[in-house]
Amino acid sequence: MTGLAFRHVSHRYGDVPALTDLSFEIDDGEVCCLVGPSGCGKTTALRIAAGLESLQHGEVQIGDRVVAGPGIDVPPEKRCVGLVFQDFALFPHMTVADNVAFGLRGRDGATRKRLVGEFLDLVGLADYAAKYPHMLSGGEQQRVALARALAPQPGVILLDEPFSGLDVRLREEVREETLTILRRAGATALVVTHDAEEAMYMGDRIAVLQRGHLVQLGRPDEVYRHPQSAFVAKFLGDVNWLHGTVADEVAESAIGPVAAAGIDNGERVDVLIRPEGLHLCRDPGAAGREATVVANHLLGHSSLVVLKLDQGEEVRARIAGDKPPAPGDDVRIRIEDDAVFVFPCKRQEPRNTG
Ligand code: ADP
Ligand code: MG
């Protein structure tokens, strides 16, 4: 069943196209992350779904009801959405319980009391009902905001960069808690973030936006392992970015030949390789392209090794363990096929024609 659907949604601010023909659907009970760099249109999409921005073109459906479309504009408070913003936007002069009860205006007193209790319990703050927001940590305030958004049991909950106001350490903890709470509540959620790792961590599926265009939608592992463009590959994780030219479905690059199935002879290509896809062998007789270690960086569970290829290009390899080869060592590089992405140069960027 549909939780939330965007159909052919386009939006402009004056001459600035913010969204172009955005279409995707979130299933009931699904957590979907809308991810992309700053300015790509994420907040605009969320505001259009919530009814905070009027729809210019296309259609939005929440549950089984079209809430915005030609001749249809259901007001925000009737759309059955819960909202959580980066700054939480709790009312400072109200207690935690009153903050949560705020979204339940119009219900009778007993129902409000019951739902406030249930949802404070759900977010693990049953003992905080009488406290004020300033008495809570950032993570606790986040959970109050979540309880307030969930208590009216909305059809969909929309979260805009919900963790970016928290410091890095707290962020990981709070996103884990948030995900657990969303799952426990069985909520349908659209989480907006510019952080690819956060999106992959939280999303059942992720929708990648580039300059207002949806460029890929899929499960995190699908999108990470099978990016459909150089932009997506690079946005989701570290890559070595090399170039090559194709002959007989093989691209010759500085690091050696890589498969380029289906690409025409003579075509210039971008060759992107994840650092974890480069394996180093210290045996000089081993197969693979020769390289010299320039530097190594111990990162804890893994090490990042900077290598110079014989034509002078540098590449980075991420290898397991804490005993990387030392600067000056000669190594052979073996490339894991799954970690290489080859794209014709010209197809990189979608045009923004509005
Ligand atoms: P994101 O949330 O991904 O950072 P936004 O949806 O906020 O992106 O913005 C998308 C584009 O629209 C950006 O180029 C931004 O500058 C522009 N934009 C957003 N809001 C407005 C506005 N109210 N007026 C004019 N331009 C806007
Ligand atoms: Mg934004």
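Only a predicted model underlies this, so the values are computations on that prediction, with no experimental measurement involved. (Residues numbered from 1 in each chain as written. Chains lettered and ligands numbered in written order. Predicted model: local features only at pLDDT ≥ 70, side-chain atom pairs only at ≥ 80, totals over all residues. Heavy atoms only, no water.)

## A closer look at the pattern of salt bridges
For side chains of opposite charge, pairing can occur when their charged atoms come near one another.
Item 1. Going through the model one piece at a time under the given rule, you end up with 16 salt bridges.
Item 2. Close ionic contact of Asp 221 with Arg 219 constitutes a salt bridge, the shortest N to O distance being 3.1 Å.
Item 3. With relative accessibility at 30%, the residue Asp 221 sits in the partly exposed group.
Item 4. Take Arg 219: its relative accessible area is 41%, and that puts it in the partly exposed class.
Item 5. For the salt bridge of Arg 289 with Glu 252, the shortest nitrogen-to-oxygen distance reads 3.8 Å. Here Glu 252 lies in strand S13 (residues 250-253) and Arg 289 lies in strand S17 (residues 289-298), a separation of 37 residues in the sequence.
Item 6. Residue classification places Glu 252 among the partly exposed positions, given a relative accessible area of 45%.
Item 7. Residues participating in the shared-partner salt-bridge network are Arg 219, Asp 221, Glu 222 and Arg 225. (Salt bridge = Lys/Arg side-chain N within 4 Å of Asp/Glu carboxyl O. Buried < 20%, exposed > 50% of the residue type's maximum accessible area, 1.4 Å probe, protein only. Helix = DSSP H or I, 4+ residues; strand = E, 2+ residues; numbered from the N terminus.)

## Structural notes on the sheet that holds strand S7 (residues 81-84)
Item 1. With mixed pairing, the 6 strands of this open sheet are ordered in space as S7-S8-S9-S3-S10-S11. Of all the strands in the sheet, just S7 and strand S11 (213-218) have a single pairing partner and so form its edges. Averaged over neighbouring strand pairs, the angle between their axes works out to 20° when direction is ignored.
Item 2. Sheet topology note: the strand S3 (residues 31-35)/strand S9 (residues 189-193) ladder contains 5 bridges and is parallel. Its bridge partner being in S9, Val 35 is matched across the sheet by Thr 193.
Item 3. Contacting S3, S7, strand S8 (156-160), S9 and strand S10 (205-210), helix H1 (residues 42-50) crosses the sheet at an angle of about 150° to S8. (Pairing = 2+ DSSP bridges. Axes fitted to C-alpha atoms, helices over the stretch in contact; angles between N-to-C directions. Contact = heavy atoms within 4.5 Å.)

## Things to note about the nonpolar core
Item 1. Membership of the largest hydrophobic core comes to 47 residues, with the highest contact counts inside it found for Leu 146, Leu 150, Ile 157 and Leu 182.
Item 2. Considering every element that reaches this core, the biggest residue donor is helix H4 (residues 138-150), with 6 residues.
Item 3. Not counting residues within four places of it along the chain, the set of residues in contact with Leu 150 comprises Phe 119, Leu 122, Ile 157, Ile 181, Leu 182, Ala 185 and Ala 187.
Item 4. Core analysis: the second largest hydrophobic core is formed by 27 residues, Phe 24, Ile 26, Ala 68 and Val 81 among them. (Core = buried A, V, L, I, M, F, W, Y, C linked by side-chain atoms within 4.5 Å.)

## Observations concerning the site of ligand 1
Item 1. Lining the immediate surroundings of ligand 1 are Tyr 13, Val 16, Ala 18, Pro 37, Ser 38, Gly 39, Cys 40, Gly 41, Lys 42, Thr 43 and Thr 44.
Item 2. In this structure, Gly 41 approaches ligand 1 through a main-chain N or O atom, which is 3.1 Å from an oxygen atom.
Item 3. Considered on its own, ligand 1 offers 560 Å² of accessible surface; in the complex 57% of this is hidden by protein.
Item 4. Secondary structure elements with two or more residues in the shell around ligand 1: strand S2 (16-27) and H1.
Item 5. Ranked by residues supplied to the shell around ligand 1, first place goes to H1 with 3 residues. (Near = heavy atom within 4 Å. Polar contact = N/O pair within 3.5 Å; in protein donor to acceptor, adjacent residues only side chain to side chain. Areas by Shrake-Rupley, 256 points an atom, 1.4 Å probe, with all protein chains shown as cover.)

## Remarks on the packing of aromatic side chains
Between two aromatic rings, the relevant description is the distance of the centres plus the angle of the planes.
Item 1. Evaluation of the coordinates by the stated rule reveals 3 aromatic pairs.
Item 2. Seen in terms of ring centroids, Phe 91 and Phe 102 are 4.6 Å apart; in terms of plane orientation they differ by 55°. Their pairing is tilted. Pair noted here: Phe 91 is in the loop between S7 and helix H2 (96-102) and Phe 102 is in helix H2, with a separation of 11 residues, a long-range link.
Item 3. Residue Phe 91 is classed as partly exposed on the basis of its relative accessible area, which comes to 25%.
Item 4. You can call Phe 102 partly exposed: its relative accessible area is 32%.
Item 5. Between Phe 231 and Phe 235, the ring centres sit 5.9 Å apart and the planes meet at 10°, which makes this aromatic pair stacked. With Phe 231 and Phe 235 both in helix H8 (residues 230-236) and 4 residues apart, this pair spans about one turn of that helix. Like Phe 235, Phe 231 is buried.
Item 6. In this arrangement the basic side chain of Arg 105 is found over the ring face of Phe 102, its NZ or CZ atom lying 4.0 Å from the centre.
Item 7. In this structure, Lys 131 is placed above the aromatic ring of Tyr 128, and the distance from its NZ or CZ to the ring centre is 5.4 Å. (Phe/Tyr/Trp six-rings, centres within 6.5 Å; stacked < 30°, edge-to-face > 60°. Lys NZ or Arg CZ within 6 Å of the ring centre and 35° of its normal.)

## Brief notes about the environment of Pro 75
Item 1. Here Pro 75 shows up in the loop between strand S6 (72-73) and S7.
Item 2. Along the sequence, Pro 75 and Leu 90 sit 15 residues apart, while their C-alpha atoms lie 22 Å from each other.

## Here's the deal with the pairing of strand S5 (residues 65-69)
Item 1. In this sheet, S5 lies alongside strand S4 (residues 57-62) in antiparallel orientation, the contact comprising 3 bridges. Residue Gln 61 lies in a different strand from S5, and its bridge partner there is Val 66.
Item 2. In sequence, S4 turns back onto S5 through a hairpin of 2 residues, with Gly 63 there showing a positive phi of about 60°.
Item 3. Pairing of S5 with S6, which is carried by 2 bridges, proceeds in the antiparallel orientation. Its bridge partner being in S6, Ala 68 is matched across the sheet by Asp 73.

## Points about the sheet that holds S2
Item 1. Reading across from one edge, S2-S1-S4-S5-S6 is the order of the 5 strands in this open sheet, with antiparallel pairing throughout. Here the strands that pair on one side only, and so sit at the sheet edges, are S2 and S6.

## A short note on the pairing of strand S21 (residues 340-344)
Item 1. By the criterion of burial, S21 is predominantly enclosed, with 5 of the 5 residues buried.
Item 2. Sheet topology places strand S15 (residues 268-273) next to S21; 5 bridges connect them, and they run antiparallel. Residue pairing across strands places Leu 272 opposite Phe 341, the latter belonging to S21.

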